[in-house]
Amino acid sequence: MVVFCALFLGAPPSIAQEVIQSASELDYPPYSIVTLAVLGALVLAGGAAYLWLRTLRAQVQARTAELAIANRQQQEEIHRREQCEARFRDLFEQNSSVMLLIEPASGAIVDANRSAVEFYGYARDELLQMSISAINTLPPEETARARERALRGECKDFEFRHRLASGEMRDVEVHLTSIGDNERPLLVSIVNDVSARRRAERELEQYRGHLEELVASRTAELMRAKLAAESANVAKSAFLANMSHELRTPMNAILGMATLLRRSAVTPAQADKLEKIDSAGKHLLAIINDVLDLSKIEAGKLLLESAPVAIGPLINDVAQLVAQAARDKGLELGIEVGAGADTFPDHLRGDPTRLQQALLNYATNAVKFTDAGRVTLRAVLLDDSEADVRVRFEVQDTGIGIAPDALARLFSAFEQADNSSTRKYGGAGLGLVITRRLAEQMGGEVGVDSTPGVGSTFWFTARLEKASAEAASAPVPVITDAEALIRQRHAGARVLIADDEALNRGVVQFFLEASGLVVDVAEDGEQALELAAANDYALILMDVQMPRLNGLDAARRLRALPGYGATPILAMTANALVEDKARCVAAGMNDFVAKPFNPDLLFACLLRWLGDKGGHDKRFAQTS
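Residues numbered from 1 in each chain as written. Predicted model: local features only at pLDDT ≥ 70, side-chain atom pairs only at ≥ 80, totals over all residues. Heavy atoms only, no water.

Take the packing of helix α9 (residues 311–328) against helix α10 (residues 352–368) next. Interhelical geometry of α9 versus α10 gives an angle of 30 degrees and a closest axis separation of 9 Å. As summarised for this structure, α9 and α10 are arranged roughly parallel, according to the angle between their axes. The two elements α9 and α10 meet at a crossing, and its hand is right-handed. Across the interface between the two elements, L314, I315, D317, V318, L321, V322, A325 and A326 from α9 touch P352, L355, Q356, L359, L360, A363, T364 and V367 from α10. Here the contact of α9 with α10 is built from residues that sort into 13 nonpolar, two polar and one charged. (Axes fitted to C-alpha atoms, helices over the stretch in contact; angles between N-to-C directions. Helix = DSSP H or I, 4+ residues; strand = E, 2+ residues; numbered from the N terminus. Parallel < 35°, antiparallel > 145°, perpendicular 65-115°, else oblique. Left-handed = near helix turned anticlockwise from the far one by under 90°. Contact = heavy atoms within 4.5 Å. Nonpolar A, V, L, I, M, F, W, Y, C, P; charged D, E, K, R; others polar.)

Further remarks concern unusual backbone geometry. Comment: phi is negative for the bulk of residues other than glycine, and the bulk of peptide bonds are trans. Unusually for a residue other than glycine, H347 sits at a positive phi of about 60 degrees. Locating H347 in the fold gives a position in the loop between β7 (332–337) and β8 (348–350). For H347, a relative accessible area of 37% corresponds to the partly exposed category. Of note, the phi angle at R548 is positive, near 65 degrees, even though the residue is not glycine. As for its position among the elements, R548 is in the loop between β15 (539–542) and α16 (551–559). (Buried < 20%, exposed > 50% of the residue type's maximum accessible area, 1.4 Å probe, protein only.)

Ordered in space as β2-β1-β5-β4-β3, the five strands form an open sheet in which the pairing is antiparallel. Edge strands, defined here as strands with exactly one partner in the open sheet, are β2 (109–112) and β3 (157–163). Sheet twist, expressed as the average angle between the axes of neighbouring strands with direction ignored, equals 35 degrees. Summarising the sheet, strand β1 (residues 98–102) and β2 pair through three bridges and their orientation is antiparallel. Looking across to β2, one finds that L101 is bridged to D111. (Pairing = 2+ DSSP bridges.)

In short, shape yes, function no, at least from these values alone.
Below, the structure written as structure tokens:
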């Protein structure tokens, strides 16, 4: 026991051994041994208690240290939260946006910042006693669903209408964000007043609706105007067709009778008067043609032909047309075609009639406004590409020239350099604008260079297509005296003239009978059908506008008669518009002779069709 105590109390083993030896040498009485055992037990109990107390003290010290660390961390967390709350409070209070703290379950307003108090118009204490449902105009159950969705994070942005203390309604956009913990979550409501924007949007929508009504109304007006314009255009076309017919019909009689009289035995004085009648009539006819051309161009109905164009012959033809007038004034007339005719490629295609018309307008003016000197017609090759060429046509004169302030308006309709009532030179002022429009349709432009007292150079450009030698049309044979050939080849052939105008009918009948043809006449389409059913005609000349049955319907019915499926039917009418010619073709007619007709062209047309009676399917050709 003593040894155990010594060891328990921490004595070294050597001392414990000595204690054992000493104890073995002593001779203790029995009661002493008991006493010693009790003492040993007490010692052992005291040692155990000492050890337990020392261990407990160590544990207490460790736990105290842990609690100190936890307490310090807790204090730091409390401080951090206080700082966060202070920052949030500062941000909440000082924020210019309207902000509310809302309890999600009940919708009670927990807090409101200064901007919210100002916006809603309630005192802060009043707001904190209210529910959001008292402000939101939606039913409470809908606002509750919105809070639930925001709490779950399903949706954070909403659009509401809020009621202010004054009773005024405001459109607001609300952003809801959940804060706090699960035990006491809160919703931060950031309210943005969008009333002005919504009002602007509603006004814009109203304006858009009104604008749509205006657009619909304006569209209806434009449609009515379009229909009125189309109706007016149709009326204009009908008017032009009627005017063409009414003007050309008497002109045909005037020029025809003048030609007939010149063919009879007349004195030189009478011949001179007839020449003046013919010249005046042709001048009036040129004005009529110019007005019709300008009307067709403005209506977009002037169609360009694609036919072979030879630059040299075209220039020569124009020169021949003005040669007599130039000689009468003692003017020298010159022609310049590049460095020669070979300058231009072969097989060019364009509209030779319109090219000649444009150049003739320039040439006629040049002769008119030049009292002495020279007029030169010129063609210059500007560009030569693989597909086409660009040609510049010029007419240069040594005439009176044009003042600079008058150049800008020269190519406008009904304009001249001198529009005064005391002007020396006449004219309708249509030739130049027609030339400009023709040049533009042919892919070109027009211009003039002029110096008063020195002269002028009028020019226009045009693009002409290149055609292969295989695609080029065979040259049209030139007929020098068609009337004589008709008399030689077709004397005795029977032809029919259908025209309601007795004077015009008589003029044509005289020319045809003078060429050896046998002529029958009809006053309208019905009579023409009766004569055609009773006779076999080699050719029929048909006026278009006639009473009872017009020429178009008569031509259709003639084609149905036995033996007349291929008989040449030539339209002979004062209606010279493109659509009139198209209607003639559609009715089954072969060709078109415009009134007033040129006798040489009339005989050339007759010779072409009398020589080919089976030519109903030949291409329509203009012979006006």
